[in-house]
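Analysis of the macromolecular model
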Amino acid sequence: MIKVGIIGSGAMGSGIAQVAAFAGHEVHVYDANPIAAQVAAENLKKSLEKLVEKSKCTKEKMTEVLSNIYFQSSIDKLSESGIIIEAIVENIDVKKEVFEALESIVSDDCILATNTSSLSVSSIASACKKSNRFIGIHFFNPAPLMPLVEIIPALQTSEDIINTSISLIKSWNKTTVICKDTPGFIVNRVARSFYGEAIRIYEEGIANIATIDWAMKEIGGFKMGPFELMDFIGHDVNYKVTEIVREQFFFDPRFKPSLTQKRLYEAKRFGRKSGIGFYDYSENAINVEAIKDKDLAEKIFARIISMLINEAIDTLYLKVASRDDIDLAMTKGVNYPKGLLAWADEIGLGTVLENLETLMEVYEEDRYRPSVLLKQMVREKKHFY
Ligand SMILES: NC(=O)c1ccc[n+]([C@@H]2O[C@H](COP(=O)([O-])OP(=O)(O)OC[C@H]3O[C@@H](n4cnc5c(N)ncnc54)[C@H](O)[C@@H]3O)[C@@H](O)[C@H]2O)c1
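Residue numbers run consecutively from 1 along every chain, following the written order of its sequence. Under the rules for a predicted model, residues below a pLDDT of 70 receive no local features and side-chain atom pairs below 80 are neither given nor counted, while totals for whole chains, interfaces and linings still include all residues. The side-chain quantities take in all heavy atoms of the structure and omit both hydrogens and water.

On to helix α4 (residues 92-103). Here α4 contains 12 residues, and its C-alpha end-to-end distance of 17 Å stays within 8% of the 16 Å for a straight helix at 1.5 Å per residue. Within α4, burial applies to Lys95, Val98, Phe99, Leu102 and Glu103. The arc that holds the buried residues of α4, viewed along the axis, is 130°, so those residues lie on one side. Facing away from the buried side of α4, by more than 90 degrees, are the exposed residues Asp93 and Glu97. Whether two residues are in contact is decided by their heavy atoms: any pair within 4.5 Å suffices. Numbering of helices and strands starts at the N terminus; helices are DSSP runs of H or I of at least 4 residues and strands are runs of E of at least 2. Contact partners of the buried residues in α4: β1 (4-7), β4 (83-86), β5 (111-114), α5 (121-125) and β6 (134-139). Any N or O atom pair separated by 3.5 Å or less is treated as a polar contact, with the protein-specific requirement of one donor-capable and one acceptor-capable atom, and with residues adjacent in sequence counted only for side-chain atom pairs. Put simply, asparagine 91 is the residue that caps the front of α4, since its side-chain oxygen is 2.9 Å from the backbone nitrogen of aspartate 93. Multiplying one less than the number of residues by 1.5 Å gives the expected span of a helix. Working definition: with a 1.4 Å probe on protein chains only, accessible area under 20% of the residue-type maximum means buried, over 50% means exposed, and in between means partly exposed. Regarding the arc, it is the one traced by the directions from the helix axis to the C-beta atoms.

Below you can see the structure in the form of structure tokens.
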């Protein structure tokens, strides 16, 4: 079994280390900050002990997993790795520097992978001399719990590296989807309108946050409403992803961030982690209540789901990923109750198109433009499944 190297012991690095060690690999983790590595080692032990308490893992397995993970103080100790997954700060220059340094210590057949959420995989690969062994392997947070992993070949990645990476990640008990190196990949691109359109509805005063959250859960069956989810993810992370995705799409208005979220971010009201975001999480806080009006909820749901479906359809149209992978990504990566393309068939493509055309007529904003594929399919009376 190959040795696995992980660079960065933050939320993602330590989660991925746990996943690989669970699958039986010897894992070597390096973090530039020794304190971060120490904290990660302590947290890892605590999280495994919790699993044992909940009977989700035996004591023997916990001991085996812990003995498989080595926190190293020097990057050189990762030299025998068969794969190295980088999960450091989301900064392209720092990532490139790390891969340049890594290439001089690993063997020629070591796969080099990045867990970046929003940077170009091909651009990071360009820092490597042997860039055909470079690939994007994108886990979701928390990595031990979330089943999805997006596999993103760079323009430079060779076919055998893609196949080996997919087999390896599958052997770690994860579901893989493959997607083109485009901003936000599948999940972080398609999910943008779940947040953006919800905030827009709130900004227009159509409904309060609790009502919008209730509508999406009650009518759509989502586990969390958009505002609850944004507060959970953190506005520092969620706002930044929106900004980066929009910039990388050459400022396409479909991905325009909202001032409401920007202000929360600027005020450091990050959500749950800071005690306040859209909702107030302090003790005795009084939050707005949902107005449980079914007709209003149906309208809110129709608007947000049509925007989500439109993005999923455009993702397919532009060959970013396959139909099945797009649906799998949204159900396994963000727990959507149904795949959006299957949902589109259920609602009716004609209805989705009508909803978007009405929004386009009312707002005259390019953000509501229907995908060419949606129009084509309605014309030809086609379905996705
Ligand atoms: N947090 C998420 O929800 C999430 C989900 C998927 C992907 N990602 C991506 O994973 C990566 C890591 O995210 P995170 O949330 O774990 O970050 P984090 O801030 O929790 O951890 C990053 C760690 O990297 C270390 N580090 C920074 N520069 C380093 C260097 N040059 N060499 C070695 N270690 C270095 C830091 O000390 C820190 O411990 C980012 O690229 C992020 O976009 C994050």
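Take the packing of helix α1 (residues 11-22) against helix α3 (residues 59-68) next. For helices, the axis comes from a line fit to the C-alpha atoms of the stretch in contact; other axes are also lines fit to C-alpha atoms, and the angle between any two N-to-C directions lies between 0 and 180 degrees. At a closest axis distance of 9 Å, the pairing of α1 and α3 adopts a crossing angle of 115°. Read as a crossing pair, α1 and α3 show a hand that is right-handed. Residues Gln18, Ala21 and Phe22 of α1 form the contact with α3, whose participating residues are Lys61, Val65 and Asn68. For the contact of α1 with α3, the residue count by class is three nonpolar, two polar and one charged. By definition, any crossing whose near helix is turned counterclockwise from its far helix by less than a right angle is left-handed, and any crossing with a clockwise turn is right-handed. Put simply, Ala, Val, Leu, Ile, Met, Phe, Trp, Tyr, Cys and Pro go in the nonpolar bin, Asp, Glu, Lys and Arg in the charged bin, and everything else, Gly too, in the polar bin.

Let's shift gears to the packing of helix α10 (residues 226-233) against helix α11 (residues 235-248). With their axes 6 Å apart at the nearest point, α10 and α11 run at an angle of 105° to one another. Judged by the angle between their axes, α10 and α11 are roughly perpendicular. Judged by residue contacts, Met230, Asp231 and Ile233 of α10 engage His235, Val237 and Asn238 from α11. Residue composition of the contact of α10 with α11, grouped by class: three nonpolar, two polar and one charged. Reported orientations rely on four angle classes, namely roughly parallel under 35 degrees, roughly antiparallel over 145, roughly perpendicular from 65 to 115, and oblique for the rest.

Another point: α1. The end-to-end C-alpha distance of α1 is 17 Å, a good match for the 16 Å that 12 residues give at a rise of 1.5 Å each. Here α1 lies mainly inside the structure; 10 of its 12 residues are buried. Along α1, the positions that sit buried rather than exposed are Met12, Gly13, Ser14, Gly15, Ile16, Ala17, Gln18, Val19, Ala20 and Ala21. Positive phi appears at glycine 24, one or two residues downstream of α1, with a value of about 105°.

A cutoff of 4 Å decides nearness: a residue is near a molecule or strand if any of its heavy atoms lies inside that distance of it. The ligand sits among 23 residues. The nearest are Met12, Asp31, Glu90, Lys95 and Ser117. Within the backbone of alanine 11, one N or O atom sits 3.1 Å away from an oxygen atom of the ligand. Within the backbone of methionine 12, a nitrogen or oxygen atom sits 2.8 Å from an oxygen atom of the ligand. Reported accessibility uses the Shrake-Rupley method at a 1.4 Å probe radius. Residues are deemed covered only where the shown protein chains occlude them. Considering the ligand on its own, with 840 Å² of exposed area, one finds that the protein chains cover 73% of that surface. Those elements giving two or more residues to the shell around the ligand turn out to be α1, α4 and β6. The greatest single-element share of the shell around the ligand, amounting to three residues, is contributed by α4. Of the residues in the shell around the ligand, the class split is 12 nonpolar, eight polar and three charged.

All right, on to the side chain of serine 371 then. You can see serine 371 is positioned in the loop between α16 (349-363) and α17 (372-379). A distance of 2.8 Å separates the side chain of serine 371 from the side chain of aspartate 314, its partner in a polar contact. When near neighbours in sequence (up to four residues on either side) are disregarded, serine 371 contacts Asn310, Ile313, Asp314 and Tyr317.

The next subject is the sheet that holds strand β7 (residues 148-153). Following DSSP output, two strands are said to pair if at least two bridges run between them. In space, the eight strands of this open sheet follow the order β3-β2-β1-β4-β5-β6-β7-β8, with mixed pairing throughout. Only two strands of the sheet have a single neighbouring strand rather than two, namely β3 (69-72) and β8 (175-178). Strand-to-strand twist across the sheet, computed as the mean angle between neighbouring axes with direction ignored, equals 25°. Sheet strands touched by helix α14 (residues 323-333): β7 and β8. Its angle to β8, the strand with the most contacts, is close to 135°.

Let us now look at the packing of aromatic side chains. Only the six-membered ring of Trp is used, alongside the rings of Phe and Tyr, when aromatic pairs are assigned; centres must lie within 6.5 Å, and planes under 30 degrees apart are stacked while those over 60 apart are edge-to-face, with the rest tilted. Evaluation of the coordinates by the stated rule reveals 15 aromatic pairs. Measuring from centroid to centroid gives 6.4 Å for phenylalanine 139 and tryptophan 172, while their planes differ by 25°, and the two rings are stacked. Of this pair, phenylalanine 139 sits in strand β6 while tryptophan 172 sits in the loop between α6 (159-171) and β8; the two residues are 33 residues apart in sequence, bridging distant segments of the chain. Of the two residues, phenylalanine 139 and tryptophan 172, neither departs from the other in class, the shared state being buried. Each residue in the set Phe194, Tyr195, Phe222, Phe301, Tyr336 and Trp343 is aromatic and connected to the rest through ring pairs, giving one cluster. Whether a charge sits over a ring comes down to the Lys NZ or Arg CZ being within 6 Å of the ring centre and within 35 degrees of the ring normal. Above the plane of the ring of tyrosine 363 lies arginine 200, whose end atom (NZ or CZ) is 5.0 Å from the centre.

With that settled, the discussion passes to unusual backbone geometry. Leaving glycine aside, a negative phi is the common case for residues, and trans is the common case for peptide bonds. The amide bond that connects asparagine 141 to the next residue, proline 142, takes the cis arrangement and shows omega of -5°. Topologically, proline 142 is positioned in the loop between β6 and β7. Its identity is not glycine, yet asparagine 173 carries a phi of approximately 70°, on the positive side. Along the polypeptide, asparagine 173 turns up in the loop between α6 and β8. With a phi angle near 50°, lysine 381 is a residue other than glycine that sits in the positive phi range. In this structure lysine 381 comes out as exposed when scored by relative accessible area, which is 71%.

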